Structures are given as C-alpha cells and as structure tokens.
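Structure at a glance
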Amino acid sequence: MSSSVKSSFSSLMFGELIQKIDEGRLGLNTGLSTGIKPLDEGIGGIQKKTYTLIFGAEGAGKSVFTTHAYILSPLMEHFFRQKNDPDYLIDLKVYFYSLEVDRVNVLGKMLCWIIYKETGRVFSMKYLFSNRLFLIDNTVYDLVMSYKPLIERMLDEVLTIIDKPMTALEINEETMDLARDRGTSKIVTLPDGKRLRKYTPNNPYEHVLIIVDTLTNLTVDDSIKMNSEKKECDRHSSFCKHVYRNLLHYSIINVTHSNRDISNAMRTKSGEIYPNKNDISISSQPARDADLVIVIFATYEYANPNNNLGKFEGYDITRLKHRYRNIGVLKSRDGENMLRISVLFVGECGYFKALPKTLSKQDYIDILSIKMEFEELNNHTEKRDLIKLNQNKTQ
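Residues numbered from 1 in each chain as written. Predicted model: local features only at pLDDT ≥ 70, side-chain atom pairs only at ≥ 80, totals over all residues. Heavy atoms only, no water.

1. A short note on the overall build of the protein chain
For clarity, the cut-off: In this text, helices come from DSSP runs of H or I with a minimum length of four residues, and strands from runs of E with a minimum of two, each type numbered from the N-terminal end. Here's how the labels work: a residue is buried when its accessible area is under 20% of the maximum for its type, exposed when over 50%, partly exposed in between, all with a 1.4 Å probe on protein chains only. Contacts are assigned to residue pairs that have any heavy atoms within 4.5 Å of one another.
Of the regular secondary structure elements, the protein chain holds 15 helices and 13 strands. With 395 residues in all, the protein chain has 50% of them scored as buried. Counting contacts in the protein chain only where the partners sit at least 6 residues apart, residues at least 24 apart contribute 69% of the total.

2. Quick look at a nonpolar patch on the surface
Put simply, the rule is: The patch calculation keeps residues exceeding 30% relative accessible area without a salt bridge and links them within 9 Å when they carry like charges or within 5 Å when they are nonpolar (Val, Leu, Ile, Met, Phe, Trp, Tyr). Residue-level accessible areas treat just the shown protein chains as cover; the underlying method is Shrake-Rupley with a 1.4 Å probe. Every case where a carboxyl oxygen of Asp or Glu lies within 4 Å of a side-chain nitrogen of Lys or Arg is listed as a salt bridge.
Taken together, the side chains of Phe-14, Leu-17 and Ile-21 make up a nonpolar region of the molecular surface, amounting to roughly 300 Å² of accessible area. Residue Leu-17 is classed as partly exposed on the basis of its relative accessible area of 45%.

3. A short note on the pairing of strand S7 (residues 251–257)
Put simply, the rule reads: Pairing between two strands is assigned when DSSP locates at least 2 bridges connecting them. Whether a crossover is right-handed depends on one test, that the path from the first strand over the helix to the second runs clockwise when the strands point away from the viewer.
When you tally the buried positions in S7, you get seven out of seven residues, the bulk of the element. With burial as the criterion, each face of S7 is covered, one bearing Ser-251, Ile-253, Val-255 and His-257 and the other bearing Ile-252, Asn-254 and Thr-256. Here strand S1 (residues 50–56) runs beside S7; their pairing, made up of seven bridges, is parallel. Paired with Leu-53 across the two strands is Asn-254, which belongs to S7. Sheet topology note: the strand S6 (residues 206–213)/S7 ladder contains five bridges and is parallel. Note that in S7 the partner of Asp-213 across the bridge is Val-255. Once the chain exits S6 it traverses helix H9 (residues 229–245) before rejoining the sheet at S7, and the crossover so formed is right-handed.

4. Some points on the environment of Val-208
For Val-208, the position within the fold is in strand S6. For Val-208, a relative accessible area of 1% gives the class buried. Apart from residues no more than four positions distant in its own chain, Val-208 is found in contact with Lys-93, Tyr-95, Leu-178, Arg-182, Tyr-250 and Ser-251.

5. As for the packing of helix H4 (residues 103–119) against helix H7 (residues 148–158)
Going by this rule: Only the stretch in contact is used when fitting a helix axis, every axis being a line fitted to C-alpha atoms; angles between N-to-C directions are given from 0 to 180 degrees. Oblique is the label for any angle not under 35 degrees, not over 145, and not in the 65 to 115 range, which are roughly parallel, roughly antiparallel and roughly perpendicular in turn. Crossing handedness: left-handed means the near helix sits turned counterclockwise from the far one by under a right angle, and right-handed means the same turn made clockwise.
Closest axis-to-axis distance for the H4/H7 pair is 11 Å, and the angle between their directions is 125°. With respect to H7, the axis of H4 lies oblique. Note on packing geometry: the crossing formed by H4 with H7 is right-handed. Listed contacts from H7 to Leu-107, Met-110 and Ile-114 of H4 are Leu-150, Ile-151, Met-154 and Leu-155.

6. Concerning the packing of aromatic side chains
Note the cut-off: Geometry of aromatic contacts follows a simple scheme: Phe, Tyr and Trp rings, the Trp one being its six-membered ring, pair when their centres are within 6.5 Å, and the pair is stacked under 30 degrees between planes, edge-to-face over 60, tilted otherwise. Here, a charge over a ring means that NZ of Lys or CZ of Arg falls within 6 Å of the ring centre while also lying within 35 degrees of the ring normal.
The full count for this structure, using the stated rule, is 13 aromatic pairs. Between Trp-113 and Tyr-351, the aromatic rings sit 5.5 Å apart at their centres with planes inclined by 45°, giving tilted as the arrangement. Of this pair, Trp-113 sits in helix H4 while Tyr-351 sits in strand S13 (residues 351–354), and the two are 238 residues apart along the sequence. Look at Trp-113 and you get buried, because its relative accessible area is 2%. Looking at Tyr-351, the relative accessible area reads 13%, which means it is buried. Pairing Tyr-315 with Tyr-324 gives two aromatic rings, centres 5.7 Å apart and planes at 40°, and the pair type is tilted. Take Tyr-315 and Tyr-324: they sit in the same class, and that class is buried. Pairwise contacts between aromatic rings join Tyr-274, Phe-297, Tyr-302, Phe-312, Tyr-315 and Tyr-324 into one cluster. Across the ring face of Tyr-364, the terminal group of Arg-319 is positioned such that the distance to the ring centre comes to 4.4 Å. Above the plane of the ring of Tyr-274 lies Arg-340, whose end atom (NZ or CZ) is 3.7 Å from the centre.

7. Considerations on the pattern of salt bridges
Scanning the entire structure with this criterion turns up 15 salt bridges. A salt bridge links Arg-333 to Asp-291; the nearest nitrogen and oxygen atoms lie 3.0 Å apart. Taken together, the residues span a long stretch of sequence, with Arg-333 in the loop between strand S11 (324–332) and strand S12 (339–346) and Asp-291 in the loop between helix H11 (285–289) and strand S8 (292–297) at a distance of 42 residues. Between Arg-323 and Glu-348 there is a salt bridge, with the nearest N and O atoms lying 2.8 Å from each other. Residue Arg-323 is located in the loop between helix H12 (317–320) and S11, and its partner Glu-348 is located in the loop between S12 and S13; the two are separated by 25 residues in the primary sequence. Note on Arg-323: relative accessible area 14%, which makes it buried. Linked by salt bridges that have partners in common, Asp-91, Arg-182 and Glu-206 make up one network.

8. A look at unusual backbone geometry
At the junction of Asp-213 and Thr-214, the peptide bond is cis and its omega measures out at 0° in the coordinates. A positive phi angle, near 55°, is found at Lys-49, a position not held by glycine. Counting through the fold element by element, Lys-49 comes out in the loop between helix H2 (37–43) and S1. The backbone of Lys-321 sits at a positive phi, close to 50°, despite the residue not being glycine. As for its placement among the helices and strands, Lys-321 is situated in the loop between H12 and S11. Classification of Lys-321 as partly exposed rests on a relative accessible area of 39%.

Structural data, given as structure tokens:
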C-alpha cells in the first residue's frame, strides 16, 4: 500500500475521532434517558452504535421495561427538549418489532404508562378495554381521548410499530431499506487492501433505535437449509452487530427469555439464583455480541424461608412482593458491570422508578397503597350499573 493511501486512511480515522469529540461538545453524546437515573449513570444513557440485550424470566417485566426505558422515557424526553431546548438537535426514530403482542395492545399499555406518569392513576389493560366486569366511565374515557394528540404525534414523528411475523433476513431487509431512505453509503479501502462500506446519514443528528421483542418469536426461515430457532437468533444477532451497529450506528435492543435453570431446586434453596449470562435461553451468541446485557429479576418469585431473598439489597421483599424488581447490568463494555438497581414496579401499566437506598415505614405504606382503579370500582356494583346507565343515556 502506498504511503499516500495509508496517510489518507489515517486522516479519515482521525477525522472520525474528532467528529465524535465534537459531537460530545455539542451535547450529542449524553445519551437518551431510560427514565431510571441510576441506570443512566451506570450505562451512560441510550447511546448510538450500541447493542443491548435484555432478558428475564416469564412475567419478570422485560417487555414493559423495554417499553419504559427504550421507547416512552426517551420519547417523552425528546418531546420535552424539542419544546424547551433551542440547542437540541437529535432526530429520534424508534422501530419496534413487537413479535409477541399486537400493536393495539402495545399502544394500550403505553397509554396506561403515560396516564400513570402524568396523573398517578393506575389503569390496567383490563380496565382500559373494559374486560370482564370492568367498565371505564365517561370521565376516564374523556381522559383517554385527551391523549389522542400525543399518541398520534408519537406515531407520526417517532415511533413505528411492526407486529407481523418476521425472519432475521426480513428485518434486515426492512432496516436496509430504512437506511437507504435516510442516508448514503460508499466503499472505503482499508490499509490491508480490504474494502469497507461506510454509511453517512442525511441528518448527522439522527438517533435510530431498532427494538426486537422477543428473539424467541423470530420466524425460522424455512428457505435456509438446516435452519433452527438458534440459528435464526444468531443470524439476527450477527446483523445487529455487523450491520445495524457497526455500519449504520443504530442503537439495537433485543429482548429474550431466560431458561428454566434459574428456578431449579438447588439454586432456589441456596438463594444464589441471581441471573447470569448463562441463564439466557436459545443461544449465548447475542450476549457475546452485545455491548450491554441487562436482566430484569422478579426477586419475590424466588424468595422462600430457606434462602435470603426475603431481605434483598436492603429491602423487605416479603412486604414489597410484586412491587419490587431488580435491574442488573451483567455486561457493559463502556460502563459499569455488575450494577444492580432496585426499582418500584407498577406492573399494571409497566412503569419503573428507582427506589431510594432505604425505605421508611411511610415509603412501604405508600408503595403498598398503589391500587388499580378498577379494583375500587369492582367493589361497587351499584356504581358500575350507574356508569352503564349514564352511557346508555348518551348514546
């Protein structure tokens, strides 16, 4: 390789370094907020060019955590800063591949989250959709309708929900179509003679999040010989690492399940059951490819008289029960490894909030007083009948 080519390439690499430094000076490397301050401090917020893997047991709250931390919290911060910060330049786009839940239910859960965050009122999906004996009254319906402009703005400007069956290759094709619409690529020759594709977005301030929930629901591509669920998962992870992260500089968030080993009798009895990367189901490849591995641990599910989980991280789990979750950072290439964060979990609406290091008696009372509104209505048959009567009158 000639000295002029080598010098040109060195200049290119140094230019990329300076560009990253300059972006930081403009405040573009602070990371979007997950809505959980200790987590933001530990991982640096949601950064571009980062591959995150989130896992947990069935019912732990990994999907709603992903929605809280990687969709709604950054989105609400984005709208706030657009309105109040004249120097804010980020162009946020979120592409959510919901392979488990259809988009109506996804939006319903998001609406419950927004209402709780802004009003403190706890609505579940059952109540929102008037399932079984539950029926929202006119005032609640009016409250729901008041968020129509916000939901429509979310969907028009930032959030795209894809809820159809997808293979790894189909997600890759859609992502590359997106990238072609939003930028251009060119071939760069490396010092060893190899050729590398370099991508340049039309808007240098774009921040694109690609979210897949869950990896276990990827459709296995039957056109590929000897394919399997594991191979499909590994293929998708390879695209995430080499294409979406390294080439496009997108943020990737994959969600997956833990295996059943965490609940075996020996681990449960000993109390040494805090999840580790070996507990991830299907394949270990995504954890190796990822920059961040985060686990959601439903501690109360595993507490028993024979282990120490009833008192965990200084909290009385026997009192908090399902209101407690622990978020663990098991791997972080650029942040703090083995970070554990205790959070309040309002599962009815998928809301998480960092707990203080110690809880007072009043804190416990306040947490345990969090109730879904439909539970209160369910105890008043007369009120439900009155709601129905009033709704019939307005029709």
